[in-house]
Amino acid sequence: MSNVKAVLLDMDGTIVDAFPPIIRALNQTFVEYGLPQMSAKEVKRHTGRGDCSMISLFGDRREEAGKRFLEIHDEDYLEHINPLPGAENLFEWLKEKAIPCAIVTSKSQSRAEAQFAALGWNHHVAAIIGKIDGRPEKPDPTPVLLACEALQVQPESTVMIGDGIADMKAASRAGSRGLGLCDAFSTAELSEAGASHCFDSLAEIQNWLTREI
């Protein structure tokens, strides 16, 4: 682990809780389209698998449903975001160790940047790689590779911290090492997806990095 030169971080469910607007908007859209609603955990697992395309939820009506979802989501998506325990400490530790970090998220580029600015976190990261038209999403390795390119490091010199199946698959496929954060998914599920180690909190991950780097 001594050759770790950069840390990549998923966003939702890993360093911030930004799920309330997502859950509210998705369930309101379900209601409007006459579909059953999802529990908070079901939403987290759905998005964490990397299969959150509207086609899997709304079929042929995915485009109009997607637009409606975003209309509802954007009403308050900057008001209901909270740092998860350990996130600030991890950022400060990375700064002290002069280890650069980047965000790799399936959230749209503009929304990820807006939420980071709202949190006052822009100074913590060197790059944010979000969803843009035409860019493959996790579990495709492309976002991880783009983050490595932005940080000017090789994937094998990085770790990718995330709470989803898609995070671990993307990391593994890119050549990075996945550190799984267990919440919606179990250690077994994240390990099967490619995680090299799994933890119950960011504090545990930071302690492990402290020992290993």
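**Q** Got a minute to help me understand the nonpolar core in this structure?
**A** It is characteristic of soluble globular proteins that their nonpolar side chains tend to be buried jointly. Ranked by internal contacts, the top residues of the largest apolar core, which has 31 residues, are Ile 15 and Phe 116. Among the elements of the structure, strand S1 (6–9), helix H5 (87–96), strand S4 (101–108), helix H6 (109–119), strand S6 (158–162), strand S7 (177–181) and helix H10 (202–212) are those that each provide at least two residues to this core. Considering each element in turn, this core owes the most residues, 5 residues, to H5. Not counting the four nearest positions on each side in its chain, Phe 116 is found in contact with Met 11, Ile 15, Phe 91, Ile 103, Trp 121, Asn 122, Val 125 and Ile 128. Cys 148, Leu 151, Val 153 and Ala 170 belong to the second largest nonpolar core, which has 15 residues in total.

**Q** Hey, could you run me through the packing of aromatic side chains in this one?
**A** Aromatic ring pairs are defined here through the distance separating the ring centres and the angle between the ring planes. Considering all chains together, one arrives at 5 aromatic pairs under this definition. For the pair Phe 91 and Trp 121, a centre-to-centre distance of 5.1 Å together with 70 degrees between the ring planes defines the contact as edge-to-face. Separated by 30 residues along the polypeptide, Phe 91 in helix H5 and Trp 121 in the loop between H6 and strand S5 (127–131) bring together distant segments of the chain. For the pair Phe 91 and Trp 121, one class covers both residues: buried. Site record: aromatic cluster; members linked through ring pairs are Phe 30, Tyr 33 and Phe 58.

Cut-offs and rules
- Residues numbered from 1 in each chain as written.
- Predicted model: local features only at pLDDT ≥ 70, side-chain atom pairs only at ≥ 80, totals over all residues.
- Heavy atoms only, no water.
- Core = buried A, V, L, I, M, F, W, Y, C linked by side-chain atoms within 4.5 Å.
- Buried < 20%, exposed > 50% of the residue type's maximum accessible area, 1.4 Å probe, protein only.
- Helix = DSSP H or I, 4+ residues; strand = E, 2+ residues; numbered from the N terminus.
- Contact = heavy atoms within 4.5 Å.
- Phe/Tyr/Trp six-rings, centres within 6.5 Å; stacked < 30°, edge-to-face > 60°.

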